[in-house]
Amino acid sequence: MFGALPMRHVTLYLLREELPRASVVLARLGVIAPEEGKLEEGEVARPGLDFQRSHHLASQLFRKIAASLDYTPDAVTQEHLPQQADQQRLDTILESLQSVWHQCNRLEEQVRSLREEIRHLSHQQQAVAKFFNLHLDLEKLSLDHGFLDMRVGSVDTSELQRLRESLALVNFKVIEFDRQEGRVHLVLLGLKGLDAQLNPVLMAAGFKTLLIPQGLKGYPDEMHAGLEERLARLREEQADVEGERTELLEKYRTELREAEFVLAAASPYAELADYLVGHGEIVTLQGWVPEVELAALAADLRKELTAFFREVRSPLPGEIDRVPSVQRYPAFLRPFSILVRNFGTPRYDEFDPTLLFALTFILMFGSMFGDIGHGAVILVAGWFFRRKLADFTWFIMLAGLSSIVFGFYYGSIFGHEELIEPLWMSPMEDPVRLLVLAVYWGIGFIAIANLLSILNLWRLGLRREALLGQRGLAGLLFYASLILLVADLQREGSAGLLSLSIVVFGGAILIAGAWRETDARGGERLLIVVIEMVETILGYLSNTLSFLRVAAFSLNHAALAFAVITIAGMMDGVGHWLALIIGNLVIIVLEGGIVLIQVLRLEYYEGFVRFFKGDGRVYKPLRLQQAGKQHPAGQESI
């Protein structure tokens, strides 16, 4: 639970003719994460390249046909899959799909052409509609009328009278023919050559020119009816083509279903083609398998294949960073593992912080949001929305449960502290004590993070950094000495000899380590070391004080609840209960979300950054996929 499952490197020697069946067997079991093998003399890479290309082409055609015919592929189950999909069967499926696609493509072109024509006619119809009430041949609007200046446009209704009066001064006639959405559509008639007087008037009135549809002849009402008739015919043709498409789907549904299963069975071999190495009749596949799955792997291969040979070994020191990391968790830890992976994937040889993260997260959330009533609402909400929350159901319910437990310690039910006796004390009773305890919690949290950092650095072979580095043993010793020094100053008013000695000793080790790691020389080297030491001290101080927010939010929660009760107490009847309900909902949703973010911040930036690299390789075993989908190389096993 604190680390990855033991992994073994497996090399499989398979017969080339049995590769299609072997790949299906491996995908059904879903335990081998393949990796590229090393080429030996006389060997060639990717002996399944032709198969992969055929599968790629067939899958593309299948996806196009499924989209064209609106065919929804069935869920792939192992019972429906053929034992294997060899090159001959795949080529047959490819040929069949090509024939279907030619027919689909013809219908697609017809549909595309009809849609384009319908779109064009609809735009023309919309343009003609603007002139519907103008009883004039539209062709005349776009002709040159010699000495006559004719303009068509619209102005805001409020500008109409002013425009009439202004245009009357230059002997222009205004003909109104429509009103739409607060604008008046007009035809302006007058003599040419008056642009200097006319244009400023039109600009001031906000006159917008209406574009005359090109190529349209006749009166608008007649044209509108003609366009509507043409559109009706095109829509009938479109419906006929859609009917052909439905008939085509029914005609080839059986063939598509068969293609679906053959492609699903061929998908593992197509994916493995990138990793296969071989020469002649023997092909090699290398990959990583959890140790607990080795027996099942051998049993399945022995049952399904004529012959095979395998080599199994433990990971070598130089390839640890290539070993995929497999963690398996109980249901209640899965949401926490997802949050850990938002920060990074644990390396194979790295401490997995999921369980520690879950425990500290639950404790901090409950202490910052302790209330029996609010916790119960969160708990019930988590259960009520369990289908939508999926794995995060446990996350929400554990947070609510923690809030309830701390609510009993604080003696708070929806902010009311007079209903039950607290098992410990109310946060508002002694805030200073709460702040001190938060600092103690922070000290312990940082100390554990440093210990885990030492453990991970040692596992990685970074022995010097594990002993002498800032996040190693020397850094932990220096942090402990600073805590002792502060405790002495608080208790005695002066620094004790022991704490001073440890501070000097721990600081000297850190300085020596920083001096050794710095490439600069002379005064520059000294300056860098001094700055690093100051950063170390300030960093430890600020990191420790960050945990004051645990107490601060506990006090904030109690204060907000008190404020809601006070406001509700100032009201009577319905107002009283509305204030209580709305106020508590705001606390649960708004403050609860803020507390969750603050706890995550403490976990990530005061904990994980100290010991967790999170640069591990995700375990992506070969698995069966639905036909026509790109193979995503599997999912991490949890």
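Scroll up to find the structure this text is about.
All figures in this text were calculated on a predicted structure; none of them were measured in a lab.

Asks: With reference to specific residues and values, describe the overall build of the chain.
Replies: Counting its regular elements, the chain contains 20 helices and twelve strands. In terms of overall size, the chain is more extended than a compact globule, its C-alpha atoms giving a radius of gyration of 38 Å where 638 residues would be expected to give roughly 26 Å. Out of the 638 residues in the chain, the part that is buried amounts to 45%. In the chain, once contacts between residues fewer than 6 apart in sequence are set aside, the share between residues at least 24 apart is 78%.

Asks: Please give an account of the pattern of salt bridges that cites residues and values.
Replies: According to the stated counting rule, one finds 23 salt bridges in the structure shown. Between D149 and R151 there is a salt bridge, with the nearest N and O atoms lying 3.3 Å from each other. Salt-bridge contacts for D195 lead to R151; the nearest nitrogen and oxygen are separated by 2.9 Å. Linking D195 in helix 6 (residues 195-205) with R151 in strand 4 (residues 148-156), this pair joins segments that are 44 residues apart in sequence. For D195, a relative accessible area of 38% translates into the label partly exposed. The structure contains a network of salt bridges with shared partners spanning E35, R313, E319, R322 and R617.

Asks: So what's going on with the environment of F414? Residues and values would help.
Replies: Looking at the element boundaries, F414 is found in the loop between helix 13 (392-410) and helix 14 (431-459). In the structure, F414 is positioned 91 residues away from F505 in sequence and 51 Å away in space, judged by C-alpha atoms. Setting aside chain neighbours within four positions, we find F414 in contact with D371, G373, H374, V377, I565 and N584.

Asks: Can you lay out the layout of surface pockets for me, pointing to particular residues and giving the numbers?
Replies: Vacant regions in the atomic arrangement are exposed by a probe of water-molecule size rolled over the atoms. Reported here for the largest pocket is a volume of approximately 500 Å³. In terms of lining, the largest pocket is formed by 19 residues, of which the most central are V439, I443, I483, V486 and T544. Contributions of two or more residues to the lining of the largest pocket are made by helix 14, helix 16 (473-492) and helix 18 (522-545). In terms of residues, the lining of the largest pocket owes the most to one element, helix 16, which gives eight residues. In the lining of the largest pocket, the residues fall into 16 nonpolar, two polar and one charged. As a volume, the second largest pocket reaches approximately 390 Å³.

Asks: I'd like to hear about the packing of helix 14 against helix 16, residue by residue, with values.
Replies: Following both chains from N to C, one finds helix 14 and helix 16 inclined at 165 degrees, their axes separated by 9 Å at the closest point. Between helix 14 and helix 16, the angle falls in the class roughly antiparallel. Every pair of crossing elements has a handedness; the one defined by helix 14 and helix 16 is left-handed. Note on element contacts: helix 16 touches helix 14 through L473, G475, L476, Y479 and I483, opposite G442, I443, I446, A447, N450, L451 and I454.

Asks: Describe the pairing of strand 1 (residues 7-15), and please don't skip the residues or the numbers.
Replies: When you tally the buried positions in strand 1, you get seven out of nine residues, the bulk of the element. Note: strand 1 against strand 9 (residues 282-290), nine bridges, orientation antiparallel. Looking at strand 9, one finds that L12 is bridged to L285. In the sheet, strand 1 pairs with strand 10 (residues 308-313) via six bridges, with the strands oriented antiparallel. Residue pairing across strands places Y13 opposite F309, the latter belonging to strand 10.

Asks: So what's going on with the packing of aromatic side chains? Residues and values would help.
Replies: This structure, assessed with the given rule, holds 28 aromatic pairs. Pairing F445 with F547 gives two aromatic rings, centres 5.1 Å apart and planes at 50 degrees, and the pair type is tilted. You can see F445 sitting in helix 14 and its partner F547 sitting in the loop between helix 18 and helix 19 (548-569), a full 102 residues away along the chain. The exposure class assigned to F445 is buried, which follows from its relative accessible area of 11%. Among the residues examined, F547 registers a relative accessible area of 0% and is labelled buried. Directly above the ring of W383 sits R386, whose terminal nitrogen or CZ lies 4.0 Å from the centroid. One residue, R463, lies across the ring of W458, its end atom 4.3 Å from the ring centre.

Asks: Residue-level account of the sheet that holds strand 6 (residues 183-191), with values.
Replies: Pairing within the open sheet is antiparallel, and its four strands lie in the order 5-6-4-7. The strands lining the two open edges of the sheet, one partner per strand, are strand 5 (173-180) and strand 7 (208-209). Note: strand 4 against strand 6, nine bridges, orientation antiparallel. Bridge pairing in strand 6 places S154 opposite H185. With respect to the sheet, helix 5 (residues 160-168) is in contact with strand 4, strand 5 and strand 6, its orientation differing from that of strand 5 by roughly 165 degrees. Strand contacts of helix 6: strand 4 and strand 6, with the helix running at about 15 degrees to strand 4, the strand carrying the most contacts.

Asks: Tell me about the environment of R112, and please be specific about residues and values.
Replies: Topologically, R112 is positioned in helix 3 (residues 87-129). According to the relative accessible area criterion, R112 is partly exposed, its value standing at 45%. Measuring from C-alpha to C-alpha, the distance between R112 and Q238 comes to 9.6 Å, with 126 residues separating the pair along the chain.

Asks: Now, about helix 16: what can you tell me, with residues and values included?
Replies: Over its 20 residues, helix 16 extends 28 Å from the first C-alpha to the last, a length consistent with the 28 Å expected when each residue adds 1.5 Å. Here helix 16 has its buried residues at A474, G475, L476, F478, Y479, S481, L482, L485 and D488.

Asks: Describe in detail the nonpolar core, supporting the description with residues and values.
Replies: Formed by 67 residues in total, the largest nonpolar core has its most connected members in L12, L26, I65, L97 and L256. For this core, the secondary structure elements donating two or more residues are strand 1, helix 1 (19-29), helix 2 (49-69), helix 3, helix 7 (220-272), strand 9 and helix 8 (294-304). At 16 residues, helix 7 tops the list of elements feeding residues into this core. Discounting residues that sit within four places of it in the chain, I65 has contacts with D70, L97, V100, W101, C104 and L256. Residues F336, F547, I588 and V599 belong to the second largest nonpolar core, which totals 49 residues.

Asks: Outline the packing of helix 19 against helix 20 (residues 573-611), listing residues and values.
Replies: In the contact formed by helix 19 and helix 20, the axes pass within 9 Å of each other and the chain directions differ by 170 degrees. The angle between helix 19 and helix 20 places the two elements in the roughly antiparallel class. Contacts from R549, V550, F553, N556, H557, L560, A561, V564, I565, A568 and G569 in helix 19 reach H576, A579, L580, G583, N584, I587, E591, I594, V595, Q598, R601 and L602 in helix 20. When grouped by side-chain class, the residues that make up the contact of helix 19 with helix 20 number 13 nonpolar, seven polar and three charged.

Criteria and cut-off values
- Residues numbered from 1 in each chain as written.
- Predicted model: local features only at pLDDT ≥ 70, side-chain atom pairs only at ≥ 80, totals over all residues.
- Heavy atoms only, no water.
- Helix = DSSP H or I, 4+ residues; strand = E, 2+ residues; numbered from the N terminus.
- Rg over C-alpha atoms; globule rule 2.2 N^0.38 Å.
- Buried < 20%, exposed > 50% of the residue type's maximum accessible area, 1.4 Å probe, protein only.
- Contact = heavy atoms within 4.5 Å.
- Salt bridge = Lys/Arg side-chain N within 4 Å of Asp/Glu carboxyl O.
- 1 Å grid on protein atoms, 1.4 Å probe; cavity = no way out; pocket = protein on both sides within 12 Å on 5 of 7 lines; lining within 4 Å.
- Points joined across faces, edges and corners; volume = space filled by probe spheres on them.
- Nonpolar A, V, L, I, M, F, W, Y, C, P; charged D, E, K, R; others polar.
- Axes fitted to C-alpha atoms, helices over the stretch in contact; angles between N-to-C directions.
- Parallel < 35°, antiparallel > 145°, perpendicular 65-115°, else oblique.
- Left-handed = near helix turned anticlockwise from the far one by under 90°.
- Pairing = 2+ DSSP bridges.
- Phe/Tyr/Trp six-rings, centres within 6.5 Å; stacked < 30°, edge-to-face > 60°.
- Lys NZ or Arg CZ within 6 Å of the ring centre and 35° of its normal.
- Expected span 1.5 Å × (residues − 1).
- Core = buried A, V, L, I, M, F, W, Y, C linked by side-chain atoms within 4.5 Å.

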